[in-house]
Amino acid sequence: MGDYKVPVKYLLSHITKLEIIDAPKITTKTIEIGSKYSPDFVCTPFKYTLGTMIESIEKGSNVLIQAGGGCRYGYYSELQKQILKDLGYDIVLINLVTAGITDPIKIYKELKKVTKINIVKSLYYLLITKKMVKYMDNIDDYIRKNIGFEVKKNSFIKLKNKMLKSFSKIKGYFDLKKQYKKYLNEFKQLKINKPNNPIKIAIVGELYTIMEPFANYFLEYELASKNIEITRFTNVDYLLFRKSKEVKKMLKKNRDIKYKMGADASDNICRTRMLCEEGYDGIIHIKSSFCTPEIGAMPIISKICAQYKIPIIFFSFDAATSEVGIKTRLEAFYDMLEMRRSK
Amino acid sequence: MDKIKIGIPRGLFYYYDGYFLKNFFEYLNFEVVVSPETNRIIIDEGMKYANDEMCLSLKVFLGHIAYLQDKCDYLLIMRIDNYGKYNQTCTNFLSLYDLVTNLFTIPTLDINIEYTNKENMYIGLKKICQKFNISNSKIKNAYDSALIKNKKHNKNLITINKNKLNKKGLKLLLVAHAYNINDEYIGKPIIKYLENNNINVIFSNNFETKEILNLSYKYCPNLYWYYNKENIGSIVKIEDKIDGIIFLSSFPCGPDSLVNELVIRKIRKPYINLVIDDLNSLTGIETRLESFIDILEQRV
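Residues numbered from 1 in each chain as written. Chains lettered and ligands numbered in written order. Predicted model: local features only at pLDDT ≥ 70, side-chain atom pairs only at ≥ 80, totals over all residues. Heavy atoms only, no water.

(A) Geometry of the overall build of chain B. The helix and strand tally for chain B stands at 12 helices and eight strands. Compactness check: chain B gives a C-alpha radius of gyration of 20 Å against a globular reference of 19 Å for 300 residues, within 12% of the reference. Each of the three principal axes of chain B carries a C-alpha extent, and together these read 65 × 40 × 35 Å. A buried classification covers 58% of the 300 residues belonging to chain B. Contacts spanning at least 24 positions in sequence make up 73% of the contacts within chain B whose residues lie at least 6 apart. Carbon and sulfur atoms make up 48% of the accessible area of chain B, which totals about 13,000 Å². Taking the average location of the 38 positive side-chain charges in chain B and that of its 34 negative ones, the two points are 8 Å from each other. (Helix = DSSP H or I, 4+ residues; strand = E, 2+ residues; numbered from the N terminus. Rg over C-alpha atoms; globule rule 2.2 N^0.38 Å. Buried < 20%, exposed > 50% of the residue type's maximum accessible area, 1.4 Å probe, protein only. Contact = heavy atoms within 4.5 Å. Areas by Shrake-Rupley, 256 points an atom, 1.4 Å probe, with all protein chains shown as cover. Lys, Arg positive; Asp, Glu negative; His and termini not counted. Charge placed at Lys NZ, Arg CZ, Asp CG, Glu CD.)

Next up, the structure:
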């Protein structure tokens, strides 16, 4: 899960006595392994995570943690457990979310089987981790908007890596706050060369693909080289702590849909309307292939965009998607946006 | 005055609650229009409205709505969210109502089933009837009468299903969602083919729901999809009385892709996994079924 491994690792290393092994980076090999052992028409994140699991087991881990969501993501872990068992691996797989519900007692019990846990201490570190995720997302927001316009190449990424390193070593709540302020300041001092009133594009879509390292910053770089600014919404802080409230609020205001549509579909629909009203130049919708909730949302999203005459492009990522193919389609998309602007 | 026409599309929820809803509204003097059995024209019509990655069952459903849109005054759509905390449905059922209202212009009536939010069938029907100024006592009567008819209907199907277990010859369990088994285009041709070959086909959807729901925990302890629980529970219930299992799903069904794979890894019976999509010809499937039956006959 990209950079979020820092807070997760921080939390686990403080509340358990387990040795934490970094999950290897997702490469083409990971995807290949994952696809080999996955069912045919499962959605792509399943293949990615299964590949990562197998690679981490080979690195020596024997306790794995899988998250979950309101769609079939919540059922990943049970099948993955079986697949790994059939492959001959003897591991413990802890699932954090079942049926869209997190049950802390169940997780505590499962964790207790493999390690000792102090509840009071865990709560304290949970709070710190929550704050850390929030700070990280705030800084990420700033990076997203500006990374494409950086003067010195890689200056943002370098500083971010430095920040993650010091985040992983913080001593307590106040230390975290201090570090956050320090780095936010440093980020703001990095030189950028941003044109006035750039073309603005927003990205909506399914959560895994949006937060995945492959997608991270790739689109931003690509588009910023043509002077386009990007806005993204979904991040971990939003998913874990703000989503349920905000969706209710959005649904009340929105007239396109009456009910919740599962996973992120309803957020994306409400957001698309908001974006259209705010006058964005274009919208990019990304999802992994076979993502059922998003498939249900897509016809509604394109209908809204057609009403406002705002261009939208749909990307569907699967195990075989290459950057080049996406680049070509993106190029055509922003050429069109530029032509619309100059009219 | 002409009767008000209510259209019920023959797809997805129809195969669970359609019979009940039809009786309910007919008791209240509505005219109920049910779309005909699925045919090629309906599927092609559905594909015009559908997104290319939608599952076949949903495409069929949209086709039925396209058929009904100029033949009734109101369209009845059920949105089924859950039957309790751990009895959820596939997200297609969640988005059904909003999808239809956005794709079509015909006026709709909706029933929301969301037990965690205290919304059930009776409350949904009441909301609809209030629009037409129907008194509460009348609703209650219609509801009860439809419920009794529905129970009888289901009981009948369950007995037929049970009796097949005692017959001679090969016995196969067809594991699929009700809307795939009973669909003229998806499940029926396969059933016909099997029955022509003197095989007793037992349907996973015709069991007593209460009884089999909890049985599914044997194979899938954390399963939370209501309809898949039914399917898996039926396997557990009669596994030692049958000769083989046929898994049938529509491409690319979300829950089935995970659950069927998991169960296939755990069962000890011969099985065949059929996936139907909109381009399928029956010949390919028949060849596979034929060899599957050959294997089973040799085992016996």
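This is not the end of the story, as more comes after the structure.
(B) Focus on the sheet that holds strand S3 (residues 199–205) of chain A. Residue and element names in this part refer to chain A. Pairing is parallel in the open sheet, where four strands are placed in the order S4-S3-S5-S6. Taken across any chain shown, the strands that pair with only one partner, and hence form the sheet edges, are strand S4 (228–232) and strand S6 (312–317). Adjacent strand axes in the sheet meet at a mean angle of 25°, parallel and antiparallel pairs treated alike. The sheet contact formed by S3 and strand S5 (residues 282–288) spans five bridges and is parallel. The residue bridging Ala202 from the neighbouring strand is Ile283, located in S5. With respect to the sheet, helix H14 (residues 323–342) is in contact with S3, S4, S5 and S6, its orientation differing from that of S6 by roughly 170°. (Pairing = 2+ DSSP bridges. Axes fitted to C-alpha atoms, helices over the stretch in contact; angles between N-to-C directions.)

(C) Structural context of the layout of surface pockets. Residues and elements named next belong to chain B. A volume near 1,600 Å³ is recorded for the second largest pocket. The wall of the second largest pocket is formed by 45 residues, among which Tyr16, Asp17, Asn150, Asn154 and Thr209 lie closest to the centre. When contributions to the lining of the second largest pocket are tallied by element, the ones reaching two or more residues are helix H1 (14–27), helix H5 (121–131), helix H6 (136–164), helix H7 (178–181), helix H8 (188–196), helix H9 (209–213) and helix H10 (226–238). The biggest single contributor to the lining of the second largest pocket is H6, with 12 residues. Classifying every residue of the lining of the second largest pocket gives 24 nonpolar, 11 polar and 10 charged. When residues are assigned to domains, the lining of the second largest pocket turns out to be shared by domain 1 (5–151) and domain 2 (166–299), each giving three or more. (1 Å grid on protein atoms, 1.4 Å probe; cavity = no way out; pocket = protein on both sides within 12 Å on 5 of 7 lines; lining within 4 Å. Points joined across faces, edges and corners; volume = space filled by probe spheres on them. Nonpolar A, V, L, I, M, F, W, Y, C, P; charged D, E, K, R; others polar. Domains from an automatic or database assignment.)

(D) Quick peek at the interface of chain A and chain B. Between chain A and chain B, the contact holds 39 residues from the first and 37 residues from the second. For the pair chain A and chain B, the two sides together bury roughly 3,600 Å², of which 63% comes from carbon and sulfur. A per-residue breakdown of the area chain A buries against chain B is headed by Phe41(A), Tyr75(A) and Tyr259(A), which together make up 22% of the total. Put simply, chain A and chain B have two salt bridges between them. One salt bridge connects Asp86(A) with Arg265(B), and the closest N-O pair in it is separated by 2.9 Å. Counting residues per element, the ones that place at least two in the side of chain A that touches chain B are helix H4 (76–86) and helix H13 (292–308) of chain A. (Buried area = accessible area lost by both parts, 1.4 Å probe. Salt bridge = Lys/Arg side-chain N within 4 Å of Asp/Glu carboxyl O.)

(E) Local environment of the domain arrangement of chain A. All names here are of chain A. Here chain A is partitioned into domain 1 (17–116), domain 2 (127–193) and domain 3 (195–343). Domain 1 puts 13 residues into the contact, and the matching count from domain 3 is 12 residues. Together, the buried faces of domain 1 and domain 3 total about 980 Å²; carbon and sulfur atoms form 65% of this surface. For the domain 1 face of the interface with domain 3, the top three residues by lost area are Thr44, Pro45 and Tyr48, together amounting to 39%. On the surface where domain 1 and domain 3 come into contact, there are zero salt bridges. Sorting the residues of the side of domain 1 that touches domain 3 by element identifies helix H2 (28–37) and helix H3 (44–59) as the ones contributing at least two each. Looking at the side of domain 1 that touches domain 3 element by element, the count peaks at five residues for H3. Grouping the constituent residues of the side of domain 1 that touches domain 3 by class yields eight nonpolar, three polar and two charged.

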